[in-house]
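If you want the building blocks of each chain, they are given just below.
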Amino acid sequence: MAKAAKGLSALDKLWKARDEKGNAEKLIEGLEEAVAADAKSYEALWKLARACWWLSDMTEDTSRKKTLGEKGKEAGKKAWQAEEGSVEGHTWYAAALGEYGLGISIAKAIWQGLDGEFRKHAERAIAIDKAYDGAAPLRALGRFYSKLPWPKQDLKKSEQLLREGIEAAPERLFTRLYLADTLDALGRKDEAKKELDALLKMKAKPDEAPDEAEYKKRAKAALARLK
């Protein structure tokens, strides 16, 4: 058990440097080995789901999103089944499920009933600890409501959840990026621009630092589209 814990601790270094080329792939490989060695390791399972979500979010290749999302949701499902009352499993299961849905198309995901599955676990994560990991559960559900097609889409609900996420973790760049997108969809472009401008002036906290360059790149692209 101590050896396994040491191994996971070593893999945490890769997560902290996930933006460096090849590190995310190495992390996933290492976590898969950890799960193979101990199929009931809750920590290895949820961290595998998280790593798959992150790498999927960093690509626009739908085929890769499908592959990574599927791997992540399977790990996440085993995680929350192992510890139903813990927030990590539900959070990263929902996040990976969302990426899988983007990989196969939102229409297909809804046809398969994955929208209900996503909402169920995101809401469960919120009920356990809505502030977890920079309000990740609130951010995930807020994004969910903005990306659904009509008539399931609920932009007001999306805004409410994302603002609650910012209140819980005002330093989180990712939440502001999503809020700006929702405000744009609501036709409130000036407010969207303000959120993006604020994001670009912010300095990421250590746990989000590896993502700062990417999120600011997305913010600049969004601002360019809004002009």
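Higher on the page you've got the structure.
Calculation criteria
- Residues numbered from 1 in each chain as written.
- Predicted model: local features only at pLDDT ≥ 70, side-chain atom pairs only at ≥ 80, totals over all residues.
- Heavy atoms only, no water.
- Helix = DSSP H or I, 4+ residues; strand = E, 2+ residues; numbered from the N terminus.
- Buried < 20%, exposed > 50% of the residue type's maximum accessible area, 1.4 Å probe, protein only.
- Contact = heavy atoms within 4.5 Å.
- Phe/Tyr/Trp six-rings, centres within 6.5 Å; stacked < 30°, edge-to-face > 60°.
- Lys NZ or Arg CZ within 6 Å of the ring centre and 35° of its normal.

## Side note on the environment of alanine 51
- Within the fold, alanine 51 resides in helix H3 (residues 42-57).
- Given a relative accessible area of 3%, alanine 51 falls into the buried group.
- As for alanine 51 and tryptophan 92, which are separated by 41 residues in sequence, their C-alpha atoms are 9.0 Å apart.
- Once you skip the residues sitting within four places of it in the chain, alanine 51 turns out to touch Trp15, Leu27, Ile28 and Leu31.

## Concerning the packing of aromatic side chains
- Applying the stated criterion across every chain yields a total of 8 aromatic pairs.
- An angle of 15° between the planes, with centres 4.3 Å apart, marks the rings of phenylalanine 174 and tyrosine 215 as stacked. Remark: tyrosine 215 occurs in helix H12 (residues 212-226) and phenylalanine 174 occurs in helix H10 (residues 173-185); sequence separation between them is 41 residues. When sorted by exposure, phenylalanine 174 lands in the same class as tyrosine 215, which is buried.
- Among the aromatic side chains, those forming a connected cluster through ring pairs are Trp53, Trp92, Tyr132, Phe174, Tyr178 and Tyr215.
- Above the face of the tryptophan 15 ring, arginine 18 is positioned so that its terminal group lies 4.0 Å from the ring centre.
- A cation over an aromatic ring shows up here: lysine 73 above the ring of tyrosine 100, its NZ or CZ 4.9 Å from the ring centre.

By themselves, these are just geometric observations and shouldn't be taken as functional.
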